[in-house]
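# Coordinate analysis (summary)
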Amino acid sequence: MNEFRDLSDMAGHSAIKTLIRTASLAALLAGAGLAPALAPMNAAQAADQGVQVIQVAASEATSRFIPLGIGKSVAIDLPADIKDVLVANPKVANAVIRSSRRVYMIGVEVGQTNIFFFDASGKQIAGFDIAVTRDLNGVRAALKQTLPDADIRIEGVGKDGIMLSGSAASGAESQQAYDIATRLVGDGIKVVNGINVRGRDQVMLKVTVAEVRRDVIKQLGVDLSGSFNYGAAVVNLNTQNAFSATGQTLSNTALGGNWKNITATLRAMDRAGVIRTLAEPNLTAISGETATFIAGGEFPIPNGLSCDTTKSPPVCQAQVDFKKFGVSLVFTPVVMSEGRISLKVMTEVSDLSTDNALTLAVPGASQSLTIPSISTRRADTTVEIPSGGSLALAGMIQEKTKQQINGVPGLMQLPILGALFKSRDYINNQTELMVIVTPYVVRAVAQKLLSRPDDGFADPSDPQTALLGRLNRIYGSANQPDTQAEQRANYRGKYGFILD
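Residues numbered from 1 in each chain as written. Predicted model: local features only at pLDDT ≥ 70, side-chain atom pairs only at ≥ 80, totals over all residues. Heavy atoms only, no water.

### Considerations on the overall build of the chain
- Secondary structure assignment for the chain yields six helices and 24 strands.
- Counting all 500 residues of the chain, 27% fall into the buried class.
- A separation threshold of at least 6 residues defines the contact pool for the chain, and within that pool the share at least 24 residues apart is 63%.
- When the accessible surface of the chain is summed, it comes to about 33700 Å², and 54% of that surface belongs to carbon and sulfur atoms. (Helix = DSSP H or I, 4+ residues; strand = E, 2+ residues; numbered from the N terminus. Buried < 20%, exposed > 50% of the residue type's maximum accessible area, 1.4 Å probe, protein only. Contact = heavy atoms within 4.5 Å. Areas by Shrake-Rupley, 256 points an atom, 1.4 Å probe, with all protein chains shown as cover.)

Here is the structure:
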């Protein structure tokens, strides 16, 4: 018996050596270009030579995907009699054979598995890749009831994921479907929004900023200078009206007179002005996106002075910052159901103003430096408006009155004569401001239906400019739409770009 074991061991070692030699020989033949001779045999060659070939009886390559809910089942009729069934994970799904060709597959818990069916000869009849997910029929019914016109599908992905697919008419419907699914599936479940928006609406926003500002300033005062004797006392008069309400005298024009070494100068000025501001920026953006518009400029503000003291004389260079002013518009539209538009709007109109201006004295310069202030009207809010409707986004009526009287104590209270010893400075500012927004859901149009501000404009000839004072000629554009041609035919009078 021991000898048999020794011989077996020796035979095993010989087999190993033979395999090693065979492998080495195959490597040499491959290096010599004889590798095709060692290629694997196909099934026919293997059958001819009596070699056994391993074949895959069942795999996922030929399986069909079937989604199931927990506690849900599906009945399947197979084309041949069932002899054997294989369930990879019975904890996820189970298969119940009702008859020789009918089988019931039941979802047990969330997960994935596969089921294969074989006939009496061991050949695969069918294979199924089962994905058991949560029951989402309630969510499907809620989506169908809330969004009947949308084609939205919901499927489970893995143990804690849900995928929304399909198409929606707008981004608002897609977001609404995502919100419904997130609330109904419960906590800890991830919802992926893969809904395709069929057509994203475009919104044009027209903003009108209208302002009228009225300013009234009145100044009246008497400057006295001179001296007179009252017994042994000498009275000196030297009054200078500062007009502190406005901070300066509106005009140096004055009416003066002398009386016994006393000079009286009357200063009087009345100024009234009106300022009208109108800005109408228009901007178009896709629903859900942010659009920005600005038309204005920048003005420099000194921010310091750097000097190189190593040189003689020192070389100095001013540091300058730039501040923006003009008309700006930033808005984000979201088209909602029934043609309503949710708008987040920020609009601003600013311009340079001499009010509260800063005057700086520049060393070594003959003139001072004046830095203007910025007058700003800004509105920032979120509103909801129907397409084509208008809403007063902001409105303001402001009236500011400022009056100041300066004079000589005691004498300025005298009736009639007290006016000689006092000055009056009066300011009245009135402002009326309104910001109106109007959104429109718009579509693209042909270029020929649009007109430019320079349509019909042409420069005049030199004789027309010099002799007639014209700044432009009026011509009809060669590519005018028929609608404009019809309007011109029905209109009597001058038309086009007219500048008086």
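Picking up after the structure, the text goes on.
### Considerations on the confidence of the model for the chain
- Chain-level statistics for the chain give a pLDDT mean of 75 and a share of 74% at 70 or above.
- Considering only residues more than four positions removed or in separate chains, one finds that residues 1-39, a stretch of pLDDT under 50, has five contacts. (pLDDT = per-residue confidence, 0-100.)

### Some details on the nonpolar core
- Judged by nonpolar contacts, the single largest core of 23 residues is most densely connected at L205, V207, V209, F331, L343, V345 and L393.
- The residues contacting L393, other than those within four sequence positions of it, are V345, T347, A379, T381, V383, V435, I436 and V437. (Core = buried A, V, L, I, M, F, W, Y, C linked by side-chain atoms within 4.5 Å.)

### Some words on the pairing of strand β7 (residues 124-133)
- In terms of burial, β7 is largely enclosed, as eight of its 10 residues are buried.
- Sheet topology note: the strand β1 (residues 64-69)/β7 ladder contains six bridges and is parallel. Looking across to β7, one finds that R64 is bridged to F128.
- Here eight bridges tie strand β6 (residues 111-118) to β7, and the two strands are oriented antiparallel to one another. (Pairing = 2+ DSSP bridges.)

### Here's the deal with helix α4 (residues 171-185)
- Along its 15 residues, α4 runs 21 Å from first to last C-alpha, staying within 8% of the 21 Å computed at 1.5 Å per residue.
- For α4, the complete set of buried residues consists of A172, S174, A177, I180, A181 and V185.
- Along its buried surface, α4 packs onto α3 (137-146), β8 (151-157), β9 (161-168), β10 (190-193), β11 (196-197) and β18 (315-335).
- Directly after α4, the chain includes G186, whose backbone phi takes a positive value near 100 degrees. (Expected span 1.5 Å × (residues − 1).)

### What about the sheet that holds strand β5 (residues 102-107)?
- As summarised here, the arrangement of the three strands in space is β2-β5-β4, forming an open sheet in which the pairing is antiparallel. Strand pairing shows two members of the sheet lacking a second neighbour, β2 (73-77) and β4 (93-97), which therefore form its edges. Between one strand axis and the next, the sheet turns by 20 degrees as a mean value, whatever way the strands run.
- Pairing between β4 and β5: five bridges, direction antiparallel. By the bridge assignment, A95 is partnered in β5 with M105. (Axes fitted to C-alpha atoms, helices over the stretch in contact; angles between N-to-C directions.)

### Some remarks on the side chain of D119
- Note on placement: D119 falls in the loop between β6 and β7.
- Buried and unpaired, D119 has K123 as its nearest opposite-charge partner, separated by 6.3 Å.
- In this structure the side chain of D119 is engaged in a polar contact, spanning 3.0 Å, whose partner is the side chain of S121.
- When sequence neighbours within four positions are dropped, the list of residues in contact with D119 reads D81, K83 and I125. (Lys, Arg positive; Asp, Glu negative; His and termini not counted. Salt bridge = Lys/Arg side-chain N within 4 Å of Asp/Glu carboxyl O. Polar contact = N/O pair within 3.5 Å; in protein donor to acceptor, adjacent residues only side chain to side chain.)

### A few points about a nonpolar patch on the surface
- Taken together, the side chains of V157, M163 and V192 present a nonpolar region at the surface, about 230 Å² in accessible area.
- With respect to the helices and strands, M163 occurs in strand β9.
- Take M163: its relative accessible area is 33%, and that puts it in the partly exposed class. (Patch = residues over 30% accessible without salt bridge, like charges linked within 9 Å, V, L, I, M, F, W, Y side chains within 5 Å.)

### Considering the packing of aromatic side chains
- Under the definition given, this model contains two aromatic pairs.
- With a centroid separation of 6.1 Å and an interplanar angle of 75 degrees, the aromatic rings of F117 and F128 are classed as edge-to-face. Residue F117 is located in strand β6, and its partner F128 is located in strand β7; the two are separated by 11 residues in the primary sequence.
- Judged by its relative accessible area of 0%, F117 is buried.
- On the accessibility criterion, F128 (4% relative accessible area) is buried.
- Measuring from ring centre to ring centre gives 6.1 Å for F299 and F325, while their planes differ by 55 degrees; the resulting arrangement is tilted. Taken together, the positions of F299 in strand β17 (residues 291-308) and F325 in strand β18 put the pair 26 residues apart, joining distant regions of the chain.
- Looking at F325, the relative accessible area reads 21%, which means it is partly exposed. (Phe/Tyr/Trp six-rings, centres within 6.5 Å; stacked < 30°, edge-to-face > 60°.)

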